[in-house]
Amino acid sequence: MSSYSIRDLERISNTKAHTIRIWEQRYGLLTPERTDTNVRFYDDEQLKKLLNVCTLLNHGMKISRISQLTRRQMTEEIDKIIASSSQIEDNTEAIVNRALIAATTFDTFLFEEVFGDATKKLGLRKAYEKVIYPLLVRTGLMWVKDDLLPSQEHFLSNLVRQKLFAAIDALPLPENSPQKWLLFLNEYEDHEIGLLFAHYLIRQRGQQVVYLGARVPYPDLANVVKQFQPTHICSFFVSNQISDQLDELLRKLTTDFKQTTICISCGQPDMRETISRYKVTQIISIDKLIEMLNYAE
């Protein structure tokens, strides 16, 4: 059983702590426990309830009505939203919240159900874009400074990695292709889910890929480039990188591999500014990557 502060609930649910306290006081929606030193904390059941409340609010139900629902009635209302396939685009928040419950309570069976439903209704690309990526952000995978709930982040990221590896493995291996992609993360980067999804998209469009994964030493990368001779080298920056280290890596990549298209993906504005000083292609969206892949067809 995990325990959460009100700040943890705020970050996981995207609901202000002040609002959560008002719901407690006015409607009795949550009932925090207290430690021996009188510090308030919440358990898994309280987190589940909060996430379900947020889902119902996002679908138009008033908080006064939600507060009157029993646990069973609340679950039934959530199930109705999830089952509404005709409005799946509007229901991704409900799916994300359900997946958050699976991640925070280490419920593999629930995650399998949620992931299966999302990919069936949306396809893998949209499921990644509208469910998996927001889910990873919400659990703090990309919030390195906060390092929120690391065991839950690891549990979730490993489940997603397994799904992506399985999807990649199901694709045929191209014998020849106009593009040859080399995918890697630098020596200070562990978060490979974005890179894995890029691997899936590249392979899906029939291009050759060599995938090196996380924490690749630069000399090893250089040796692979020499042997594989890629048309594209692609890397993602998720963790905060020391400016000097980032500059050095970009300088080496653009100097040593002038005949290769260097592709970098990074969501942090300060790092994007550093990257913009070099002759690289910034992949700022899934559509940008697909545009590059379509150019080869």
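Residues numbered from 1 in each chain as written. Predicted model: local features only at pLDDT ≥ 70, side-chain atom pairs only at ≥ 80, totals over all residues. Heavy atoms only, no water.

A. Region of the structure containing the pairing of strand β7 (residues 261-266). For β7, the buried fraction is high: five of the six residues fall into the buried class. One ladder, built from six bridges, connects strand β6 (residues 232-237) with β7; its direction is parallel. Considered in β7, the bridge of Phe236 is made with Ser265. Each parallel crossover has a hand, and for β6 linked through helix α11 (residues 243-256) to β7 it is right-handed. (Buried < 20%, exposed > 50% of the residue type's maximum accessible area, 1.4 Å probe, protein only. Helix = DSSP H or I, 4+ residues; strand = E, 2+ residues; numbered from the N terminus. Pairing = 2+ DSSP bridges. Right-handed = clockwise from strand over helix to strand, strands pointing away.)

B. Region of the structure containing the packing of aromatic side chains. According to the stated counting rule, one finds five aromatic pairs in the structure shown. Between Phe197 and Tyr200 the ring centres are 6.1 Å apart and the planes differ by 25 degrees, which places this aromatic pair in the stacked class. Of this pair, Phe197 and Tyr200 both sit in helix α9 (residues 193-204), three residues apart, which is roughly one turn of that helix. Phe197 gets classed as buried once you look at its relative accessible area, which sits at 2%. A relative accessible area of 10% places Tyr200 in the buried class. Aromatic rings pair up to connect Tyr128, Phe197 and Tyr200 into one cluster. If you follow Lys180 out to its NZ or CZ, it ends over the ring of Phe228, 4.7 Å from the centre. Positioned above the aromatic ring of Tyr218 is the side chain of Lys252, whose terminal nitrogen or guanidinium carbon lies 4.9 Å from the ring centre. (Phe/Tyr/Trp six-rings, centres within 6.5 Å; stacked < 30°, edge-to-face > 60°. Lys NZ or Arg CZ within 6 Å of the ring centre and 35° of its normal.)

C. Inspection of the sheet that holds strand β2 (residues 33-34) at higher detail. Spatially, β1-β3-β2 is the arrangement adopted by the three strands of the open sheet, whose pairing is antiparallel. The open sheet terminates on both sides in strands that have one partner only, identified here as β1 (3-4) and β2. Relative to strand β3 (residues 40-43), β2 runs antiparallel, the two being bridged by two bridges. Across the sheet, residue Glu33 finds its bridge partner in β3, namely Phe41.

D. Seen up close, the side chain of Thr254. The residue Thr254 is located in helix α11 in this model. A distance of 2.7 Å separates the side chain of Thr254 from the backbone oxygen of Leu250, its partner in a polar contact. Apart from the residues lying within four places of it in its own chain, the contact partners of Thr254 are Tyr278, Lys279 and Val280. (Polar contact = N/O pair within 3.5 Å; in protein donor to acceptor, adjacent residues only side chain to side chain. Contact = heavy atoms within 4.5 Å.)

E. Up close: the pairing of β3. Examined bridge by bridge, β1 and β3 share two bridges and lie antiparallel to one another. Bridge assignment links Tyr4 to a residue of β3, and that residue is Tyr42.

F. Spatial organisation of the environment of Glu33. Note on placement: Glu33 falls in strand β2. Accessibility expressed as a relative area gives 40% for Glu33, which makes it partly exposed. A C-alpha to C-alpha distance of 57 Å links Glu33 and Pro174, two positions 141 residues apart in sequence.

G. The arrangement of the sheet that holds β7 in detail. One open sheet holds the five strands; their spatial order is β5-β4-β6-β7-β8, and the pairing between them is parallel. The sheet is open, and its two edges are formed by β5 (208-213) and β8 (281-282), each paired on a single side. Both β7 and β8 contribute to a ladder of two bridges, which runs parallel. Residue pairing across strands places Cys263 opposite Thr281, the latter belonging to β8. Against the sheet, α9 engages β4 (180-184), β5 and β6, with an angle of about 165 degrees to β5. (Axes fitted to C-alpha atoms, helices over the stretch in contact; angles between N-to-C directions.)

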